[in-house]
Amino acid sequence: MQNKTIAELSQSLQQGEFSSEELTRAYLDRIDKLDAQVNSYITVTADGALAAARAADEQRQAGQAGPLTGIPLAQKDIFCTEGVKTSCGSKMLDNFISPYDATVISKFKQAGAVMLGKTNMDEFAMGSSNETSFYGAVKNPWDLDAVPGGSSGGSAAVVAARLAPAATGTDTGGSIRQPAALCGITGLKPTYGRVSRYGMIAFASSLDQAGPMARTAEDCALMMNVMAGFDEKDSTSVDQAVPDYTTSLNDSIAGLKIGLPKEYFSEGLDNDVATAIEVAIAEYKKLGAEVVEISLPNTGLSVPAYYVVAPAECSSNLSRFDGVRFGHRCENPKDLTDLYKRSRGEGFGAEVKRRIMIGTYALSAGYYDAYYLKAQKVRQLISQDFKRAFEQVDVIIGPATPTVAFNLGEKTDDPVTMYLSDAYTIATNLAGLPGMSVPAGFVGKRPVGLQIIGNYFDEARLLNVAHQYQQTTDWHAQAPEAFK
Ligand code: GLN
């Protein structure tokens, strides 16, 4: 049961092979038995899940089932969920029970999906290894000595370990694609504005975007059919019709023009990862795609620009956690300043503090022009690189990450090295473009991710390009030995 995709589970439920209640119980049992090894859930909502599963079974009996009715899913703990703890991986929100649902959550509820629980994540989505979580590091199901990637590392791990058929993630600089790559699953970061950010705890508002993390592109398409769309509660959500993402999955990709950015294949890329990506490109040629080399000349500026923009926005977004309105409050404050200082000092972890300090500095009078404004200009240059590229090609393909998963603890003392693990994903967030990571092999036990980047609102094409590859390869179907 646990090896079935959403598409397969949906069929089994429809044919009455098992009920959603049975399916949900099977997942809850697996979580009970196996999650201690990976630490991928912060909260398991067993009672709510069983109630939702029974409701879904009734809906099906009434002939009202859709593709996601009764399908268990895990939600990243960055999405507000009514009546359920929403911690964002932080001590600051360890006591926060959300009074409302994020739009993504309410859409899944309306579609009849069953929430199994909330997944572990880097604190406030800041990290690339899931080691900054207040709830402890998540381990990579393929190799328990390795990180799962971050910040949606819990979501990637639950999918890889078969502790949920699929999960949601968010991606500000790579947090869906990088953990998807490191855990050998399929993840999609949509175009900025495609999925509502309402009720998704903000890290860097001009970059944050939610998306699906599943085993296949087909499952990502099924989830996007639910997640995407205009939301009047999010002023940055775009009012544009949502296609049925499943209808073009089987289109031929003969004649597709693929661009390979030479900057993604240069210094810093691990040789074994490069070899796996070359094999994937050869597969695309067999499928009839044309491959050309392109250049994204400002790629090297994306990590530095991001580490001005993202901390600047986070310093503003996280100012609301002051120990007064909600969140952690220190014991016995002497006065108001002491209350602010100690509540924030105790509630936030080291990485979050580092970002708040960098961002506050970059936004301060006298430095704003030199840093924030400059970074915004670099962001424009990066967007123009992509604009020029998409005049020539349909999609851009390359590695999702420079290396496979690194060891737990390996980079925790060196933030800059950690930041570089997003070297190939961050530029698309700065430009607002959609990107995917698709399983494309292994180096030893550790998975390799192939990245596919598309033009604005071209998610259907990305899913098609990924799905075609998954019809002729089986990397996405493999399961880690300990979780088969
Ligand atoms: N790893 C990047 C960071 O630490 C991106 C995180 C994200 O996409 N949420 O900021």
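Just above, that's the structure.
Residues numbered from 1 in each chain as written. Predicted model: local features only at pLDDT ≥ 70, side-chain atom pairs only at ≥ 80, totals over all residues. Heavy atoms only, no water.

> Talk me through the site of the ligand; I want residue IDs and the actual numbers.
Within the structure, the ligand sits among 15 residues, and T172, G173, S175, Y306 and D422 are positioned closest to it. Separating a nitrogen atom of the ligand from a backbone N or O atom of A125 is a distance of 2.8 Å. Between the ligand and G127, the relevant distance is 2.9 Å, taken from an oxygen atom to a main-chain nitrogen or oxygen of the residue. Here the ligand loses 100% of its free accessible area of 290 Å² to cover by the protein chains. With respect to the pocket detection grid, the ligand is positioned in the largest cavity. (Near = heavy atom within 4 Å. Polar contact = N/O pair within 3.5 Å; in protein donor to acceptor, adjacent residues only side chain to side chain. Areas by Shrake-Rupley, 256 points an atom, 1.4 Å probe, with all protein chains shown as cover. 1 Å grid on protein atoms, 1.4 Å probe; cavity = no way out; pocket = protein on both sides within 12 Å on 5 of 7 lines; lining within 4 Å. Sits in = over half its atoms within 2 Å of the grid points.)

> Summarise the state of the cysteines; cite the residues concerned and give the values.
Disulfides are covalent bonds that link the sulfur atoms of two cysteine residues. Scanning all chains against the criterion turns up zero disulfides. Cysteine C80 shares no disulfide, and the gap to the nearest cysteine sulfur, in C88, comes to 8.5 Å. With relative accessibility at 5%, the residue C80 sits in the buried group. (Disulfide = S-S within 2.5 Å. Buried < 20%, exposed > 50% of the residue type's maximum accessible area, 1.4 Å probe, protein only.)

> Please set out the side chain of D219 residue by residue, giving values where relevant.
Checked against the element boundaries, D219 lands in helix α7 (residues 217–227). Despite its burial, D219 pairs with no opposite charge; the closest candidate is R215, at 6.1 Å N-O. The residues touching D219, leaving out its near neighbours within four places in the chain, are T5, I6, A7 and A214. (Helix = DSSP H or I, 4+ residues; strand = E, 2+ residues; numbered from the N terminus. Lys, Arg positive; Asp, Glu negative; His and termini not counted. Salt bridge = Lys/Arg side-chain N within 4 Å of Asp/Glu carboxyl O. Contact = heavy atoms within 4.5 Å.)

> Explain the pairing of strand β3 (residues 114–119) to me, and be specific about the residues and the numbers.
Along β3, six of the six residues are buried, which leaves the element largely enclosed by surrounding structure. As judged from the three bridges shared by strand β1 (residues 41–44) and β3, these two strands associate in the antiparallel manner. Opposite V44, over in β3, you have G117 as the bridge partner. Where the polypeptide runs from strand β2 (residues 72–76) across helix α4 (residues 103–110) and back to β3, its parallel neighbour, the crossover connection is right-handed. (Pairing = 2+ DSSP bridges. Right-handed = clockwise from strand over helix to strand, strands pointing away.)

> Just give me the short version of the nonpolar core, but keep the residues and values in it.
Counting residues in each nonpolar core, the largest one holds 135 residues, and the members touching the most others are F124, Y284, F386 and I452. Sort the elements by how many residues they give to this core and helix α9 (residues 302–317) lands first, with nine residues. Filtering out sequence-adjacent residues up to four positions away, F386 remains in contact with Y264, L296, I396, A427, T428, A431, L433 and I453. Counting residues in hydrophobic clusters, the runner-up holds eight residues, among them A146, A181, A405 and M418. (Core = buried A, V, L, I, M, F, W, Y, C linked by side-chain atoms within 4.5 Å.)

> Can you break down helix α15 (residues 459–472) residue by residue, with the values?
Here α15 spans 21 Å end to end across 14 residues, near enough to the 20 Å set by a 1.5 Å rise per residue. Among the 14 residues that make up α15, eleven are buried, leaving the element largely enclosed by the rest of the structure. Three or more residues of α15 are buried, namely E459, A460, L462, L463, N464, V465, A466, H467, Q468, Y469 and Q470. Those residues of α15 that are buried are in contact with β5 (186–189), α7, α8 (271–286), β9 (395–399), β10 (435–443) and β11 (446–453). (Expected span 1.5 Å × (residues − 1).)

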